[in-house]
Amino acid sequence: MHVMEGELEALLPEAIEWQSFKAGSKFEVPANSSFKVKMTVQTAYLCQYR
């Protein structure tokens, strides 16, 4: 997941705390898993499946 603009918070698989990701940052999630995201400001992101 690439954060293009704004900021989002993600609760990644097996994590107990939300992590913040600002514009220009990215994170990866293992295949066949799920995660949660929340935004408090207008945010644009790009999600790539590989």
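Up top is the structure.
Asks: What should I look at first to understand the sheet that holds strand β4 (residues 36-38) in this one?
Replies: Where strands meet in a sheet, backbone hydrogen bonds hold them as pairs that are either parallel or antiparallel. Here three strands make up an open sheet; going across it, the order is β3-β2-β4 and the pairing antiparallel. If you trace the sheet from one side to the other, it starts and ends with β3 (19-22) and β4, each paired once. With strand direction ignored, the average angle separating the axes of adjacent strands in the sheet is 30 degrees. Note: strand β2 (residues 7-11) against β3, four bridges, orientation antiparallel. Residue A10 lies in a different strand from β3, and its bridge partner there is Q19.

Asks: Before we go on, may I ask you to explain the packing of aromatic side chains in this structure?
Replies: The geometry of an aromatic ring pair is captured by the separation of the ring centres together with the interplanar angle, meaning the angle of the planes. Summed over all chains, the structure comprises two aromatic pairs. Between F27 and F35 the ring centres are 5.9 Å apart and the planes differ by 85 degrees, which places this aromatic pair in the edge-to-face class. A relative accessible area of 7% means that F27 is categorised as buried. Feature note: the residues F21, F27 and F35 constitute an aromatic cluster, connected by ring pairs. Stacked on the ring of W18, the Lys or Arg K38 has its end atom at 4.4 Å from the ring centre.

Calculation criteria
Residues numbered from 1 in each chain as written. Predicted model: local features only at pLDDT ≥ 70, side-chain atom pairs only at ≥ 80, totals over all residues. Heavy atoms only, no water. Pairing = 2+ DSSP bridges. Helix = DSSP H or I, 4+ residues; strand = E, 2+ residues; numbered from the N terminus. Axes fitted to C-alpha atoms, helices over the stretch in contact; angles between N-to-C directions. Phe/Tyr/Trp six-rings, centres within 6.5 Å; stacked < 30°, edge-to-face > 60°. Buried < 20%, exposed > 50% of the residue type's maximum accessible area, 1.4 Å probe, protein only. Lys NZ or Arg CZ within 6 Å of the ring centre and 35° of its normal.

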